[in-house]
Amino acid sequence: KQALSPRGAIGLMQLMQGTAQSLGVDPHDPVQNVDAGTRYLRDLLEKYQGGLRHALAAYNAGPGAVDKYNGVPPYRETIDYIVRIENKLRLAEIIP
């Protein structure tokens, strides 16, 4: 069964259809989905000069929201998402 969020995000990397289209992939294909999701995250890290919190917020809420608020938008879902990822990175000893 395909991973599909209530908001329409598709596959392992939970890509929105528009994002998948802009990256030229079929979001239902697992290999293309993971490749596109990692490329998109890399692009966001570059856009925000390596700022992990900004990149994660943009991945979750969209770059428009991060740009609008000039940082992490005050959305509970986005804040919780960032905290979950940061905690996992700390457990993996990737970030202090």
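Because the structure is a prediction, the values reported are computed rather than measured.

The rules behind each value
Residues numbered from 1 in each chain as written. Predicted model: local features only at pLDDT ≥ 70, side-chain atom pairs only at ≥ 80, totals over all residues. Heavy atoms only, no water. Phe/Tyr/Trp six-rings, centres within 6.5 Å; stacked < 30°, edge-to-face > 60°. Helix = DSSP H or I, 4+ residues; strand = E, 2+ residues; numbered from the N terminus. Buried < 20%, exposed > 50% of the residue type's maximum accessible area, 1.4 Å probe, protein only. Contact = heavy atoms within 4.5 Å. Core = buried A, V, L, I, M, F, W, Y, C linked by side-chain atoms within 4.5 Å. Salt bridge = Lys/Arg side-chain N within 4 Å of Asp/Glu carboxyl O.

**Q** Can you help me understand the packing of aromatic side chains in this one?
**A** The description of an aromatic ring pair uses the distance of the two centres, along with the angle that the planes make with each other. Applying the stated rule across the entire model yields two aromatic pairs. Measuring from ring centre to ring centre gives 5.6 Å for Tyr 40 and Tyr 59, while their planes differ by 45 degrees; the resulting arrangement is tilted. Of this pair, Tyr 40 sits in helix H2 (residues 30-47) while Tyr 59 is found in helix H3 (residues 52-61), placing the two residues 19 residues apart along the sequence. The pair formed by Tyr 40 and Tyr 59 is uniform in burial state, with each residue classed as buried. Plain terms: the ring middles of Tyr 69 and Tyr 75 are 5.9 Å apart, the flat faces sit at 85 degrees to each other, and that makes the pair edge-to-face.

**Q** Please explain the environment of His 28 as it appears in this structure.
**A** Among the secondary structure elements, His 28 is positioned in the loop between helix H1 (17-22) and H2. Sequence-wise, His 28 and Gly 11 are 17 residues apart; in three dimensions their C-alpha atoms are separated by 5.9 Å. When sequence neighbours within four positions are dropped, the list of residues in contact with His 28 reads Gln 2 and Ile 10.

**Q** Sorry, what's going on with the side chain of Glu 86 here?
**A** Along the chain, the position of Glu 86 falls in helix H5 (residues 76-91). Using a relative accessible area of 11% as the deciding quantity, one classes Glu 86 as buried. Ignoring anything within four residues of it in the chain, the contact list for Glu 86 reads Arg 53 and Ile 95.

**Q** Can you walk me through the nonpolar core in this structure?
**A** Generally speaking, a soluble globular protein has its nonpolar side chains buried in company with each other. Counting residues in each nonpolar core, the largest one holds 16 residues, and the members touching the most others are Leu 15, Leu 44 and Tyr 59. For this core, the element with the most residues is H3, which contributes five residues. Beyond its immediate sequence surroundings of up to four residues, Leu 15 is in contact with Gly 8, Ala 9, Ile 10, Ala 20, Val 25, Asn 33, Ala 36, Gly 37 and Tyr 59.

**Q** Please clarify how the pattern of salt bridges should be interpreted in this entry.
**A** Pairs can form between side chains of opposite charge whenever their charged atoms are close. Scanning the entire structure with this criterion turns up seven salt bridges. One salt bridge connects Arg 42 with Asp 43, and the closest N-O pair in it is separated by 3.2 Å. Under the relative-accessibility criterion, Arg 42 is labelled partly exposed at 44%. Exposure remark for Asp 43: the relative accessible area of 33% places this residue in the partly exposed category.

Read these as layout, nothing more, since geometry by itself doesn't imply function.
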